[in-house]
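# Breakdown of the fold
Here is how the chains run, residue by residue.
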Amino acid sequence: MTSDDSDTYDLLVIGGGAAGYFTAIQCASAHVDNVANVDTPAKRAKIGILEATGKTLTKVKISGGGRCNVTHNQFVPKVVAGHYPRGHKELLGPLTKFGPRETIAWFEHHGVNLVAEPDGRMFPDTNRSETIVTCLETQIAKHHIDRITLTMVQQITPLESGFCLKTRQGKEYRCRYLCLATGGSPAGHKLAEDLGLTLVPPVPSLFTFQVDDPLLHQRAGIALGPPFTPSLTLSVKSDELTNKPLRQFHQVGTVLITHWGLSGPGVLKLSAFAARELFAADYQALLTINWLHPQSFQEIYQKITQLKPSLGKKQITNVNPFPFARSFWDLILAKQQIPTHKNLADLSHDEITRIVQGLTQDRFLVSGKGVFKEEFVTAGGVSCDEINFKTMATKKLPRLYCVGEVVNIDGVTGGFNFQNAWTSGYLAGSDLGRMLGKSED
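Residues numbered from 1 in each chain as written. Predicted model: local features only at pLDDT ≥ 70, side-chain atom pairs only at ≥ 80, totals over all residues. Heavy atoms only, no water.

## Quick word on the overall build of the protein chain
- When you go through the protein chain residue by residue, the secondary structure sums to 15 helices and 22 strands.
- Long-range pairs, those at least 24 residues apart, make up 75% of the contacts in the protein chain with a sequence separation of at least 6.
- One way to put it: in the protein chain the 45 positive side-chain charges average out to a point 4 Å from where the 41 negative ones average out. (Helix = DSSP H or I, 4+ residues; strand = E, 2+ residues; numbered from the N terminus. Contact = heavy atoms within 4.5 Å. Lys, Arg positive; Asp, Glu negative; His and termini not counted. Charge placed at Lys NZ, Arg CZ, Asp CG, Glu CD.)

## A short note on helix H2 (residues 58–66)
- The set of residues buried in H2 consists of Val60, Ser63 and Gly64. Buried residues in H2, looked at end-on, bunch into an arc of 55 degrees, giving them a common side.
- Cys68 occupies a position one or two residues after H2 and carries a positive phi of about 70 degrees. (Buried < 20%, exposed > 50% of the residue type's maximum accessible area, 1.4 Å probe, protein only. Arc of directions from axis to C-beta.)

## Some details on the pairing of strand S18 (residues 362–369)
- Examined bridge by bridge, strand S11 (residues 209–211) and S18 share three bridges and lie antiparallel to one another. The residue of S18 that forms the bridge with Gln210 is Gly368. (Pairing = 2+ DSSP bridges.)

## Side note on the environment of Pro186
- Its place among the elements puts Pro186 in helix H7 (residues 186–194).
- Accessibility expressed as a relative area gives 66% for Pro186, which makes it exposed.

## Some details on the sheet that holds strand S3 (residues 71–72)
- Sheet architecture is open: three strands sit in the order S3-S5-S4, paired in antiparallel fashion. A single partner strand is all that each edge strand has here, and the edge strands are S3 and strand S4 (114–116).
- Examined bridge by bridge, S3 and strand S5 (residues 121–124) share two bridges and lie antiparallel to one another. Counterpart to His72 in the pairing with S5 is Arg121.

## Some details on the packing of aromatic side chains
- A full pass over the atoms with the stated rule returns 18 aromatic pairs.
- Aromatic side chains Phe22 and Phe98 sit 5.8 Å apart centroid to centroid with 55 degrees between the ring planes, which places their arrangement in the tilted category. Pair noted here: Phe22 is in helix H1 (residues 18–34) and Phe98 is in the loop between helix H4 (88–97) and helix H5 (100–109), with a separation of 76 residues, a long-range link. By the burial criterion, Phe22 is buried, and Phe98 matches it.
- A centroid spacing of 6.5 Å and a plane angle of 15 degrees characterise the contact between Phe297 and Tyr301, whose relative ring orientation is stacked. Of this pair, Phe297 and Tyr301 both sit in helix H11 (residues 297–306), four residues apart, which is roughly one turn of that helix.
- Given a relative accessible area of 23%, Phe297 falls into the partly exposed group.
- By the ring-pair criterion, three or more aromatic residues cluster together here, those being Phe22, Phe98, Trp106, Phe107, Phe418, Trp422 and Tyr426. (Phe/Tyr/Trp six-rings, centres within 6.5 Å; stacked < 30°, edge-to-face > 60°.)

## Some details on the environment of Gln154
- Within the fold, Gln154 resides in strand S7 (residues 153–159).
- For Gln154, a relative accessible area of 44% corresponds to the partly exposed category.
- The spacing of Gln154 and Arg168 is 14 residues in sequence and 5.9 Å in space, taken between C-alpha atoms.
- Here Gln154 is in contact with Lys166, Thr167, Arg168 and Leu191, once residues within four sequence places are set aside.

## Points about the pattern of salt bridges
- Going through the model one piece at a time under the given rule, you end up with 17 salt bridges.
- In this structure, Asp330 and Arg326 form a salt bridge, with 3.4 Å as the shortest nitrogen-oxygen distance. Highlighted residues: Asp330 and Arg326, both in helix H13 (residues 326–335), separated by four residues, approximately one helical turn.
- For the salt bridge of Asp362 with Lys335, the shortest nitrogen-to-oxygen distance reads 2.8 Å. You can see Asp362 sitting in strand S18 and its partner Lys335 sitting in helix H13, a full 27 residues away along the chain.
- Using a relative accessible area of 2% as the deciding quantity, one classes Asp362 as buried.
- Where salt bridges share partners, they join Arg67, Glu117, Asp119 and Arg121 into one cluster. (Salt bridge = Lys/Arg side-chain N within 4 Å of Asp/Glu carboxyl O.)

In structure tokens, the structure reads:
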């Protein structure tokens, strides 16, 4: 079977997500800058995006509760890179070329104003993900980039001057350059492996913690955050024989109590940094929380005892000296087995100590993982050692590029995974546009 000219491209991108779109758009834009009279159809780069499903930009549409957390309001590359459990070293250079500042400027140039929330997350000022989708789709149309959906690539054969792609539907495509932007898809990982690239086995990242605690579940919906932001320490055990921690992980962030356990930014960040260790431990771990971080055990103990002269005649359940929901204060008392009818003045040293321990050293056994559906991310993918991070081209096959989550890079929640898509897409697209502007042998 041979391909006619309609199935031959300068660049094919496999994957219709944020990284794939941005690579194609940047390639077309860079090609315009490198070739004279590029608006002439004969000189225009022929670029296509192949998407296995019937829809493109699905994560963009649902991210941030349908608002799309585009990036983060942080402009120091080293600080931004620190939000990537895997890939922080490799991203340092790329983020100096196209980081959040450049992302904000790019969208602003294309008619989308991004605004920052107090926690640093940045959304379109419309608060609608459709604004981002429309912006990207407009650029796809402007540059005459083909979108080919319901097309599952099953086999890629490297050629002397490009690649031959065969789809599940039996169709064949040829291209001079190829970009894998398949995210955490197992099918994309298989394509990468078949091309000889080393793959780091993927495991889930960004997930909630299952905690079997009926008392906790009864308080579902309570969020614990500023003015005191919980400090979390996760101890993952290596095996049942040694019972020694494989490693400890620390994060600070808001925690949300759910019907199945714990969620919120603090938990999600922990899950990302401990993703591989938790997978190896079958998601069994010990979580210790200081609900009143940065206050210490001694400071909290002193505050409670100092209330005795003024509030000593009140029942402890009615004291609640911290900015908690009443039901959460009752949870602390119940877990520490403090009689709620007791007056504050009648509490013993041991009882106050137990209350303070519950506030600053609360412990939970993590028994499994949930899924943070809006931001489902995997840790793993094409090894960073395979990639030239100046261009995102692979070292083994210089005409093959990998962008976004298909590479073993993942960020915590807050816009960092999308930023990786924009950064890697920009680098790949810029280099591809330059390469396509050169005359081919």
